[in-house]
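Structural description and commentary
Now for the letters of each chain:
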Number of protein chains: 2
Amino acid sequence: MLTELPTRGFSFELLATLGNARAGILHTPRGDIETPVFMPVGTAGTVKAMTADELRAPPLDAKIILGNTYHLYLRPGLEVMGAAGGLHKFAAWDRPILTDSGGFQVFSLAGINEIDDDGVTFRSHIDGSKHRLTPEVSMEIQRVLGSDIAMVFDQCPPGDAPADVQEVALARTTAWAKRSLAAPHATGQAVFGIVQGGTDLERRKRHLGEITALGFDGHALGGLAVGESVEETYRVLDEVAHLLPADRPRYLMGVGTPQDLERGIAAGIDMFDCVMPTRNARNGYLFAAGGRVNIPNAANRLDLGPIDPTCPCSTCRTHSRAYLRHLYQAKEILYARLATLHNLTFYALHVRRLRERILAEGQRA
Amino acid sequence: MLTELPTRGFSFELLATLGNARAGILHTPRGDIETPVFMPVGTAGTVKAMTADELRAPPLDAKIILGNTYHLYLRPGLEVMGAAGGLHKFAAWDRPILTDSGGFQVFSLAGINEIDDDGVTFRSHIDGSKHRLTPEVSMEIQRVLGSDIAMVFDQCPPGDAPADVQEVALARTTAWAKRSLAAPHATGQAVFGIVQGGTDLERRKRHLGEITALGFDGHALGGLAVGESVEETYRVLDEVAHLLPADRPRYLMGVGTPQDLERGIAAGIDMFDCVMPTRNARNGYLFAAGGRVNIPNAANRLDLGPIDPTCPCSTCRTHSRAYLRHLYQAKEILYARLATLHNLTFYALHVRRLRERILAEGQRA
C-alpha cells in the first residue's frame, strides 16, 4: 500500500504488518529508506568518528542520518552552511538527512532560557552568547541546511513539571507546529510534526489528535525516555504509537536501547535515532549478541576473540578484544572509530532482522 | 646492484644514484620497501587515527610503519603482546614494521632515570612505576613484538652535554650495540645499528667507524634534530650520511620537515620516520604544495576548496577547508582522521617524487 505524502517526491509504502509492527519503505527524492530504520546521529555535521563512506558501506549501509539545527546554527553557523550549499554538500553525504529542530537541545543543553509564546531565548553552551529560536527561525535554519526531513520546533517541558506547565507547553507546541508548517521550507523538504504530552495518556492522545490534524508528512513521538521509568515509556508507546496515522511514517525521537527499539517496533514505530550506539562506543560499552561488553574490563586483556563472533562488521572481522582494550586504555583515536563502527552495525542489523521478521511472518499490507 | 644483508631474507638493491642521493629497494620477508621511504609512526600499536586499510590504500600505500618498544612494553605489556603473537597480528598489519629500541623514549619521556654501564632504570610516564631497560631487555621486547627491523638500544645524551659526558655515552652506545647484536632476535628480524656523536664531526665519524664495523643489516643516524640548529643538522648530514656503508640501508631517525627529508635524501639517506605529519595534522597544521595550511585560521572559514588542489588523497578529493575547519573547531574525531590521512599522503608523495627524480635523472647503480 503506497501513500503519496504531502511533500512532492515523498511517499510511504507499507509492505507488511505483524500486530502493530510494520515494515515499509519511505521513498524520498534522495533515496529509499527501508523501515523500521535506525538513524545514526550526526549532531555537528559528522556521525562522530565516522566517514560517509564507512556509513554507506555494507553491512552498516545507513540510509539516513541525523543532523542538528541547534549545533549547526551555533557552529559553523548559517553563513558557512549557506555558502557550502547545505549540509549534504558540506558533509559530503548524499543520502537523506533528518534535522532535529533544536527544541530539545535548547531545553537540555543551552544556558538560562526565557520561553514565551513566540519562542525561546537562550545562551550558547559553547560561548555563552545569546540567541533566539522561534518556529520560523528553526525552519529557516533547516531550510538552509537543506535536510530531507525537517522537524517542527517544539517545547519540551521536564517530565515532572506540574499539569498547568505541561498544558501551556502543549498548547505552545501545537501553535508552533502550525507556524513551522506555514514557514518556508527547502524544495523537496518534508516536515514531521511532534506529539508531546509526557506520560499522561489523555494528554498524549489529545495532543496526537491536534498534531495529526495538521497534514504533516510524518509524525514523531517526543518527550519519551527523558527520565520516566522504562515501564512508563513502554506503556505510552503501547497505547499511543499505533494511533498515529498508519499511512505516514512514525518516528520515536531519541530512543534507545536495543530492547527499546524492539518494543517501539512492536508498538508500530518506523524510525528511531539515539546517541546510545555512538556515545556508548566511545565510553567503552559495546553491544554484542551475547550481551554488552565493557571493553576496559580486565577479562578482555588477553581475549583474542572479537567483540561479537556473529558480527560481520570490519572491527569484528579484523580485531580482537585485547587490541580494542589496549587502544581504549591508551586513549587512541582508532578505538573510537572501531568501536563506533561496531555499535552502529549492531543497531542496523538488529533493526533489519526485526524488519525481516515482519516481512516473513506478517500480513501483506 | 643487489646486496644480501646479514639477516636471511633481507637484501638491499641499489637502483640509481644522483650525487649522494640513492633510489633502491629494501627486500624483506614481509614485502619490498622502495627507498627513499617515509615510515609513518605507530607508537602504541596504531598510527594515530588510522586503520591498516587506510595506510595500505593508494595513494598513501605505506610499505612499512614504526612501532615503539618503550610504549608497547609499558602498555599493553609483553604478556599481551606475546599472547597476541606479536605486533603484526595484534594490530592487524601485515607489512614490515620497524621498532625503535626505547632508548630515545627512556631519555626523553620517562621519569628520573639512573644510567649505568649495564642499562637504564626509569619510571613510566603513565603510572610512575619503576622499570629497567638494558640492551638485552630491549632486544627481548623487540623479539616478542616480532618486528621486521629491530633497533639497538642506545644512550642519547642531551646535545649540550659536556664532552666527557658525550664520550661516556658514545662508548656505552658502542658497547650496547655489540650486546644488542649478540642478544637473541626473532626469526627473520634484521637489526640496525645507531650512530650517535652529536654535532661534533670528529666524534660522529669515529662512532660511525665503530658501529659500521659490527655487521648490522642497516645503519641509522640518531641524535639529530634534537635541539641543534637546522644548519648544524644539515652540516652533519652532508658530512656523514654518505660515509655510511653504501650497500646497506641508511636511516635518519625522527626527522623531520619535508625540507629535512629532501636534504636527507640529497645527503644519501634511504629511510625516515617522524611524528610531524601525524602530530601536526591533529594540531591543525596541514602540508600543501602551496605552503603550510593552518586550518583554524579564519581564512578557511568559507573556503570551499580542498587543503591542496594537487593532492590525490580522499580528504582533498572529498572535503573542503571549511568543513575541516569546522570539524577542528568542534573537536570532532573525524577531523584527526581526515587531516592525518592528508599529511601522511603528502609525505609519501613528496618522498616518492624525489625517488622518481633520482631514478629518472640519476645513474644506474
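Residues numbered from 1 in each chain as written. Chains lettered and ligands numbered in written order. Predicted model: local features only at pLDDT ≥ 70, side-chain atom pairs only at ≥ 80, totals over all residues. Heavy atoms only, no water.

**Observations concerning the pairing of strand 3 (residues 21-28) of chain A**
All names here are of chain A. For strand 3, the buried fraction is high: eight of the eight residues fall into the buried class. Residue alternation in strand 3 divides its side chains into two sets, Ala 21, Ala 23, Ile 25 and His 27 and Arg 22, Gly 24, Leu 26 and Thr 28, and both sets are buried. By the bridge criterion, seven bridges tie strand 2 (residues 11-18) to strand 3 in an arrangement that is antiparallel. From the neighbouring strand, Leu 14 faces strand 3, where its bridge partner is Gly 24. Between strand 2 and strand 3, which pair antiparallel one after the other, the connecting turn spans two residues, and Gly 19 there sits at a positive phi close to 65 degrees. Summarising the sheet, strand 3 and strand 4 (residues 31-35) pair through five bridges and their orientation is antiparallel. The residue bridging Thr 28 from the neighbouring strand is Gly 31, located in strand 4. (Buried < 20%, exposed > 50% of the residue type's maximum accessible area, 1.4 Å probe, protein only. Helix = DSSP H or I, 4+ residues; strand = E, 2+ residues; numbered from the N terminus. Pairing = 2+ DSSP bridges.)

**Thoughts on the sheet that holds strand 8 (residues 114-115) of chain B**
Residues and elements named next belong to chain B. Overall, antiparallel pairing links the three strands, which are arranged 8-9-10 in an open sheet. Each edge of the sheet is formed by a strand with only one pairing partner; in this case those strands are strand 8 and strand 10 (130-133). Bridge count for strand 8 against strand 9 (residues 120-123) is two bridges, and the pairing is antiparallel. Bridging from a neighbouring strand, Ile 115 pairs with Val 120 of strand 9.

**A word on the confidence of the model for chain A**
Chain-level statistics for chain A give a pLDDT mean of 96 and a share of 100% at 70 or above. Both scores are available for the predicted complex, with the pTM at 0.97 and the ipTM at 0.97. (pLDDT = per-residue confidence, 0-100.)

**Thoughts on the packing of helix 7 (residues 163-182) of chain B against helix 8 (residues 201-212) of chain B**
All names here are of chain B. Where helix 7 meets helix 8, the axes come as close as 10 Å, and the angle between the chain directions of the two elements is 15 degrees. Put simply, helix 7 runs roughly parallel to helix 8. Helix 7 and helix 8 meet at a crossing whose hand is right-handed. For the pair helix 7 and helix 8, the contacting residues are Ala 163, Gln 166, Glu 167, Leu 170, Thr 173, Thr 174 and Ala 177 in the first and Arg 203, Arg 206, His 207, Glu 210 and Ile 211 in the second. For the contact of helix 7 with helix 8, a count of residues per class yields four nonpolar, four polar and four charged. (Axes fitted to C-alpha atoms, helices over the stretch in contact; angles between N-to-C directions. Parallel < 35°, antiparallel > 145°, perpendicular 65-115°, else oblique. Left-handed = near helix turned anticlockwise from the far one by under 90°. Contact = heavy atoms within 4.5 Å. Nonpolar A, V, L, I, M, F, W, Y, C, P; charged D, E, K, R; others polar.)

**Description of the pairing of strand 12 (residues 190-195) of chain A**
All names here are of chain A. Across the six residues of strand 12, six count as buried, placing the element largely inside the fold. Of the two faces of strand 12, the one holding Ala 190, Phe 192 and Ile 194 and the one holding Val 191, Gly 193 and Val 195 are both buried throughout. Pairing geometry for strand 11 (residues 149-151) and strand 12, over three bridges, is parallel. When the sheet's bridge partners are listed, Ile 149 is paired in strand 12 with Ala 190. Since strand 12 and strand 13 (residues 218-221) lie parallel, the crossover through helix 8 (residues 201-212) that links them has a hand, and here it is right-handed. (Right-handed = clockwise from strand over helix to strand, strands pointing away.)

**Observations concerning the packing of helix 9 (residues 230-240) of chain A against helix 10 (residues 258-267) of chain A**
All names here are of chain A. It is the contact of helix 9 with helix 10, at a shortest axis distance of 8 Å, that shows an interaxial angle of 20 degrees. The orientation of helix 9 relative to helix 10 falls into the category roughly parallel. Between helix 9 and helix 10 lies a crossing of right-handed hand. Of the residues in helix 10, those touching helix 9 at Tyr 234, Leu 237 and Asp 238 are Gln 259, Asp 260, Arg 263, Gly 264 and Ala 267.

**Some details on the interface of chain B and chain A**
Counting from both sides, the interface comprises 36 residues of chain B and, opposite them, 35 residues of chain A. Approximately 3,100 Å² of surface area, both sides summed, lies buried where chain B meets chain A, with 62% of it carried by carbon and sulfur atoms. The largest share of the area that chain B buries against chain A comes from B:His326, B:Ile333 and B:Arg337, three residues that together contribute 19% of it. Summed over the shared surface of chain B and chain A, the result is six salt bridges. For A:Lys48, the salt bridge identified is with B:Glu332, shortest N-O distance 2.6 Å. There are 14 residue pairs in polar contact (both at pLDDT 80 or more) connecting chain B and chain A. Of all the secondary-structure elements, those providing two or more residues to the side of chain B that touches chain A are helix 3 (78-84), helix 4 (87-91), helix 13 (321-329) and helix 14 (333-361) of chain B. (Buried area = accessible area lost by both parts, 1.4 Å probe. Salt bridge = Lys/Arg side-chain N within 4 Å of Asp/Glu carboxyl O. Polar contact = N/O pair within 3.5 Å; in protein donor to acceptor, adjacent residues only side chain to side chain.)

**Some words on helix 13 of chain B**
The buried count for helix 13 of chain B comes to seven of nine residues, which makes it a mostly enclosed element. Along helix 13 of chain B, the residues classified as buried are B:Arg321, B:Ala322, B:Tyr323, B:Leu324, B:Arg325, B:His326 and B:Leu327. Among the structural elements, helix 2 (69-74) and helix 4 (87-91) of chain A together with strand 17 (293-294), helix 12 (314-318) and helix 14 of chain B are those in contact with the buried residues of helix 13 of chain B. Phi turns positive, to about 55 degrees, at B:Lys331, one or two residues after helix 13 of chain B.

**Remarks on the relation of the copies chain B and chain A**
Once chain B has been moved 0.0 Å along the axis and rotated by 180 degrees, it coincides with chain A to within an RMSD of 0.0 Å. One copy is carried onto the other by what is essentially a two-fold rotation axis. It is B:Ile333 whose C-alpha, among those of chain B, lies nearest the rotation axis, at 3.5 Å. The overlap is high: 97% of the interface residues of chain B also sit at the interface in chain A, so the same surface is used on both sides. (Least-squares fit on C-alpha atoms with pLDDT ≥ 70 in both.)

**Structural notes on the side chain of A:His350**
Residues and elements named next belong to chain A. Tracing the backbone shows His 350 in helix 14 (residues 333-361). Given a relative accessible area of 13%, His 350 falls into the buried group. Among the polar contacts listed, one links the side chain of His 350 to the backbone oxygen of Pro 258, at a separation of 2.9 Å.

**Considerations on the side chain of A:His27**
Residue and element names in this part refer to chain A. Along the chain, His 27 falls in strand 3. A polar contact of 2.9 Å, which involves the side chain of His 27, links it to the side chain of Asp 32. Those residues within four positions of His 27 in sequence are excluded, and the remaining contacts are Leu 2, Gly 9, Phe 10, Ser 11, Glu 13 and Asp 32.

**What to know about the pattern of salt bridges**
Where side chains of opposite charge bring their charged atoms close, a pairing between them can arise. The tally for this structure, following the rule as stated, stands at 51 salt bridges over all chains. Between A:Arg143 and A:Glu140 there is a salt bridge, and its shortest N-O distance comes to 2.9 Å. Linking A:Arg143 with A:Glu140, this pair stays in helix 6 (residues 135-145), spanning three residues, or about one helical turn. By relative accessible area, A:Arg143 is classed as partly exposed at 33%. With relative accessibility at 32%, the residue A:Glu140 sits in the partly exposed group. Its salt-bridge partner being B:Glu167, residue B:Arg206 comes within 2.7 Å of it at the nearest N-O pair. Residue B:Arg206 is located in helix 8, and its partner B:Glu167 is located in helix 7; the two are separated by 39 residues in the primary sequence.

**Regarding the sheet that holds strand 10 (residues 130-133) of chain A**
Across the sheet, which stays open at both edges, the three strands sit in the order 8-9-10 (chain A) with antiparallel pairing between neighbours. For this open sheet the edge positions go to strand 8 (114-115) and strand 10 of chain A, each flanked by a neighbour on one side alone.

**Re the environment of A:Leu208**
All names here are of chain A. Along the polypeptide, Leu 208 turns up in helix 8. The buried category is assigned to Leu 208, whose relative accessible area is 7%. Distance in space between the C-alpha atoms of Leu 208 and Ala 220 is 9.6 Å, their sequence separation being twelve residues.

**Looking at the state of the cysteines**
All names here are of chain A. Evaluated as defined, the whole model comprises zero disulfides over all chains. Sulfur of Cys 313: no disulfide; nearest cysteine sulfur belongs to Cys 311 and is 3.6 Å away. Looking at Cys 313, the relative accessible area reads 1%, which means it is buried. Left unpaired, Cys 316 is separated from the closest cysteine sulfur, that of Cys 311, by 3.9 Å. Judged by its relative accessible area of 9%, Cys 316 falls in the buried class. (Disulfide = S-S within 2.5 Å.)

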